[in-house]
Each structure stands twice: as structure tokens, then as C-alpha cells.
Amino acid sequence: MAAKASRVAFGETLLELGARDERIVTLDADLSKSTMTAKFAKTYPARAFNLGIAESNMIGIGAGLALTGRIPFVCSFACFVVGRFETIRISVAYTNANVKIVGTHSGIAIGEDGYSQMGIEDIACIRALPNIPVIQPADELETKQVIAYAVEHAGPLYLRLTRQSLDPVCPADYRFQLGRWLVLRPGHDVTLLGTGGPLSNCLEAAKLLEADGISAEVINAACIKPLDEELLLGSAGKTGHVVTVEDHAIHGGLGGAVAETLSEVMPIEVRRLGVQGFGESGDPKGLYAKHGLDPAGIATSVRKFLNR
Amino acid sequence: MPDARVVAIARQCRVQIIRMLTHAGSGHPGGSLSVIDILTALYFGRLRYDAKRPDWPDRDRVVLSKGHAVPALYAVMARAGYFHESELVTLRKLGSRLQGHPDRTALPGIEAATGSLGQGLSISLGMALGLKLRAAPARVYCILGDGEIQEGQVWEAAMSAPKLGRPDHPLDNLCVILDYNKIQLDNFVAKIMDLEPVVAKWQAFGWPVLEIDGHDTDQIGKALDAAEATRGTPTFIVAHTVKGKGVSFMENDPEWHGKAPKPAEAIRAIREILGVGEAAWGDYLKTDPATRAIVDELAALEKK
Ligand SMILES: Cc1ncc(C[n+]2csc(CCOP(=O)(O)OP(=O)(O)O)c2C)c(N)n1
Ligand SMILES: [Mg+2]
């Protein structure tokens, strides 16, 4: 498979599943060309609703549709849909409405538009709600499986998708399961837990570290809630060093979730790599380099952490 | 009679909008070109500000709630002396003060962070109220997009504005301008979530509403005068505009909401903005070295 944005894979998969499952409906807030539901809307106009720039209303209507038997995908940029947190909190979470919340354009990797369009606190927000799994698929293959899973999963769910293309990382025989991570590259000196955009950079960093004699285990942590505790504790116990890598604020994301879990069960040091402060405009590569999320930056952080 | 000076400045600002978006390789031309005549009329003849003292407490405030049109604001601010025009080409580049959407903390003269649509009117109400509470003579101008006013928060603000501060501090220092270009991101507004009857809606919420051609500087000026003369209530101006105004291939086309022109398109756009025919373009450039320099820069981008 070639590199593909997870929002593109999402749009394609939804189109396929929509042919078989009448319950699937899409809701958009004037970003259907960007969330990639536009094709679904064209193919199934009676099952696609563009509410205009009105995200709270979109989420609420989604909840009502879910309560009457539909499987709504409510879609916008991650910052705007999760920005309506209190609506999600009550109308979706507390109501336990079977709404699939889709946040595209996650992370600083959207680049030039700058902070106001960057979803970098969405994991932290949604993760605080008791009944909403948070999933960030790593590549096209995984995105397809996660969308299929979302349709089957009874209850709300949050999908974090990217604007930018993602390199394929999962093997052809991979099968997504909720709360299960995947070792992409085994190692024994340090555990690199990556999710979403920077995951392929983790694999590149592992190659750089190998040249220095450091063996990094790279894990695809697509499921940010629930975590794969078994794999986490197994790998952390083996390497003794855990580094999380995500295109999200360093507060409350994958790094926060991992640190919370480890501090209770296996208190070892954790390094959280992610976005410090607000995001800003810039080319995505330059932004990743600035925040140490490029291969060289990840490798440097690991060497420092291991004192090597 | 349209003010020839303001018209000329608006034309130059249109050129700068095209220039900076092309250098950036991304951004929003349509809504920048639809709002530029309004911004120009405000900054050149209406607003009281001191570009060298952007924190002057009694300055008039502009809140560009439709923050994605900020290239238009940057063009006007450069022209007004907030910063040098050479900085315009840093738009959207790493480390630039000219963020893709307005960042108050990055660039003095920007009054509020916008870019998440629907929030600017509430901030403007707060500013207008705050200025009234300390009897400052300053006015607040808020510019909304038509797609933007689909946001619920806009209507919360709409409902409260005519009542807020009354009876002692009514917000007659607030003027809201709707850039009614009939297009949003996905499509025409009427096809996504029609606003009509938009004048009646704002009137029903208690606002006096004026309707103008948002590209006619004369009409803009008169409406701003009327708003300033109004006592006891804020004013709402519905400015009918054309998205992409001034560039034939961008006008009224939703495709040009959020993509930058390629250098060759940009050069054609600039030629159209300046009203020069294709045959006369070479000769024209010999007479206009400033435009010539901009065009050469853009042509060099093409080769990169
Ligand atoms: C809350 C929010 N939702 C979505 C967007 C994405 N977005 C940016 S511009 C735009 C369309 C704006 O249309 P309009 O207000 O009519 O602006 P204009 O036509 O003047 O460009 C959208 C949906 C946003 N910036 N903020
Ligand atoms: Mg519009």
C-alpha cells in the first residue's frame, strides 16, 4: 500500500460500508471536502447532512439520530468538533448515544493554517470522558479496519485522523482489536510508543539509534483509550525506558495516559514527546523538527534519556 | 463619489493579497478579496489608531471574526504602517508574525485571536462594553462571514448585544459588518444552510440593519457614518459582496475559498486587478516598477 492520509482512507471506507449498511449517516459542518465525506454525500444524499458551520448542532443532531437507530459519523476538524466538548459530554457521552465522532486535521502537521485549526488537545479532552474509546489509526490498512470496527462498536467512539499522508506501517495480515497495540519493531533498550503522524518517524529514529548500538522497540499505540496494558507493561518491564511520541500537546495525550498507568503499576521514568505550547504556522516538516518529532529529534531525546 | 484614494489603496492591497498567498502556497483568497474594500474603508478614513502605538487604550478596534481572511488585514496593516510591506511574504512561514489566522500575541495591532469561526462577535461585545464602562471614546468594528453566522454563538451574541449595558452603557460604539459573499467552504451558502431572510433575522433580534454594496467605498462610508451617529444601540451592516472580487476566475467560485493561486495565475490575477489588458501588460510593467518587482518575484517562484 502507498502512503495515504487517514482522512482519505476514512472517506473511502465509509463509502464502501455505506453501500451495505443503511444505518450509516454522515454529518458535517461545512468541511465535508476536507473530512472526505463529500463522496459519501454525493452517493447517498439522503443519508448525509451538512449543517453549515454549526458544530454543536451537528453533534446534537447526531445524538438524536443515534437514539433512533442510525450510526452517525459527525465530522469536522479535531479542534472544532472536540471544541464542542460540553455538547459531547452530555449529548453523546452521558446519554451514551452511539455517535462516532471524527476529528480530522489532528496535530501540528496541518502546518500553514496555524494553531487555530490544529487539534492538539483533543485526546486529553475526550480521554477524560468515561465511555468514549480514543483511536488514532496509523495507516490506510488500520484506518479501514478501525472504521469497520467503529460501525460494529455499540456506543460512542472518537476517531483521530490526519490531513497528511501516512506511510504504511502495519503488516498485511494485521487485524485491529480495541485495546490491543502492535509491535512494529522489536527491541530491548527502550520502548518507543508512537501514535498517528510521527509513528513512521519512530521507525526511522529506531534505525538511527541502531547505528549507535541502541535497540528500540517501536509500538503502534493506535488505541489511546483503552491502552494495551499487557503489552505496555511487558515492553516497559523489558526495556525499563518508555518514550511516547505523538502529534498532540504533551499534556493529557498518549504520554499522559501511559504515565498515569505506569506510575501506579510500574513506576519507571517516562519521556513524553509532543507539542510544547501552542502550535503555529509553518511547513509540517519544519514544525516536526522544531518540536523534536522528526527522526533526528526523537533519536536525540532517546539518547539523552538513556545517557548515551 | 467613491474616494479615489481609498479605491487606489484597495487595489494595491488586492495585489498584496495575491502576492502573499502565492508566496505562502496556501490560504484563503476568496474571502480576503471580498472583505478588502470594507477593511480599506475602515483603516483609511474611519478608524482612529496610531500604527506606532498599537496599544493606545483609546484606539478603535477591528475584530476580524472571519479570521481566515487575515491576508486582507495584513495588507491593510502594512499599508497603514504597522509593519513593512516586505514582511508580507513571510505569511504562514515558520517563525513569522503573520500567522495563517490572526494571533494577537504575535503581531501588535491584531485585537483578538480568531480563526475558529463564531467567536469574534462575543469578544467585540465585551470590548464595546469595556470601553463604555470607562467612558472611552473608541469604537469597535466586528467583521463576520456569512457562513460564519451559522454558528450558534453568533446568535447568542446577537440576542444580547442590543440589551447589554443598558440603560447606562448601550453598545452604540459597536458596528458589525457582515461580508455577505454568498459562499462558504463547501458550497454556496444557500445550498448548505440558507441564511435568508438575514436582514429580518437581525432586525428581529433588535438591531438596526443597513444594506449596502460592500465594494462601493461611498456606500461603506455612509453606512459607517450612520452607525457612528446612532445612539442607544449597536448597528448591523449587511454588505453584499462578491467572493474573489477583482479576479475573474476567482469570482463567485467556491473552489477559490481556500487555495492559493499558482504563480502564473497570480500574475494574471494582478493584471486583472490593475485593469490592464494582456496585450498592454508588458508596456504597463515598464511604467510601474513596484508591480514589476512583485511580478518578477512571482515568476521566480514558478521556476523554483
Ligand atoms: C468553528 C469553525 N468551523 C470550521 C472552520 C473551517 N472554515 C474555515 S473558513 C470556512 C468557511 C467560512 O465561510 P464564510 O464565513 O462565508 O467566509 P468567507 O466566505 O468570507 O471566506 C470554514 C468552514 C472554522 N475556521 N471554524
Ligand atoms: Mg462567505
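Residues numbered from 1 in each chain as written. Chains lettered and ligands numbered in written order. Predicted model: local features only at pLDDT ≥ 70, side-chain atom pairs only at ≥ 80, totals over all residues. Heavy atoms only, no water.

> Talk me through the coordination of the magnesium ion (ligand 2); I want residue IDs and the actual numbers.
Residue and element names in this part refer to chain B. Within the protein, Asp146 (OD), Asn181 (OD1) and Ile183 (O) serve as the donor atoms for the magnesium ion (ligand 2), at 2.0 to 2.1 Å. Read from N- to C-terminus, the donor residues coordinating the magnesium ion (ligand 2) fall into the pattern D-x34-N-x1-I. Look at isoleucine 183 and you get buried, because its relative accessible area is 2%. (Donors = N, O, S within 2.8 Å, 3.2 Å for Na, K, Ca; no water. Buried < 20%, exposed > 50% of the residue type's maximum accessible area, 1.4 Å probe, protein only.)

> Please set out the pattern of salt bridges residue by residue, giving values where relevant.
Residues and elements named next belong to chain A. Applying the stated criterion across every chain, the model contains 33 salt bridges over all chains. Between glutamate 12 and lysine 4 there is a salt bridge, and its shortest N-O distance comes to 2.8 Å. The exposure class assigned to glutamate 12 is partly exposed, which follows from its relative accessible area of 31%. Lysine 290 is paired through a salt bridge with glutamate 280; the nearest N and O atoms lie 2.6 Å apart. Placement of the pair is lysine 290 in helix α12 (residues 284-290) and glutamate 280 in the loop between β14 (270-275) and α12, with a sequence separation of ten residues. What makes lysine 290 exposed here is its relative accessible area of 52%. Each of Lys4, Glu12, Glu140 and Lys144 takes part in salt bridges that share partners, so that together they form one network. (Salt bridge = Lys/Arg side-chain N within 4 Å of Asp/Glu carboxyl O. Helix = DSSP H or I, 4+ residues; strand = E, 2+ residues; numbered from the N terminus.)

> Just give me the short version of empty space enclosed by the protein, but keep the residues and values in it.
Residues and elements named next belong to chain B. Scanning all chains against the criterion turns up four cavities of 30 Å³ or more. Each pocket or cavity is described by its volume, and for the largest cavity that value is around 80 Å³. Lining the largest cavity are Tyr43, Leu47, Tyr49, Asp50, Pro54, Arg59, Asp60, Arg61, Val62, Tyr82, Gly109 and Glu111. Here the residues of the lining of the largest cavity sort into six nonpolar, one polar and five charged. (1 Å grid on protein atoms, 1.4 Å probe; cavity = no way out; pocket = protein on both sides within 12 Å on 5 of 7 lines; lining within 4 Å. Points joined across faces, edges and corners; volume = space filled by probe spheres on them. Nonpolar A, V, L, I, M, F, W, Y, C, P; charged D, E, K, R; others polar.)

> Tell me about the domain arrangement of chain A, residues and numbers included.
Residues and elements named next belong to chain A. Considered domain by domain, chain A is made up of domain 1 (4-166) and domain 2 (182-306). One C-alpha centre belongs to domain 1, the other to domain 2; they are set 25 Å apart. Summed over both partners, the interface of domain 1 with domain 2 buries about 2,200 Å², with 58% contributed by carbon and sulfur atoms. By the criterion of area lost to domain 2, the three top residues of domain 1 are Ile108, Arg127 and Gln136, representing 31% of everything that side buries. If you look at where domain 1 meets domain 2, you find 18 residue pairs in polar contact (both at pLDDT 80 or more). Of all the secondary-structure elements, those providing two or more residues to the side of domain 1 that touches domain 2 are α7 (122-127) and β6 (134-135). Looking at the side of domain 1 that touches domain 2 element by element, the count peaks at four residues for α7. Residues belonging to the side of domain 1 that touches domain 2 are distributed by class as follows: 16 nonpolar, seven polar and seven charged. (Domains from an automatic or database assignment. Buried area = accessible area lost by both parts, 1.4 Å probe. Polar contact = N/O pair within 3.5 Å; in protein donor to acceptor, adjacent residues only side chain to side chain.)

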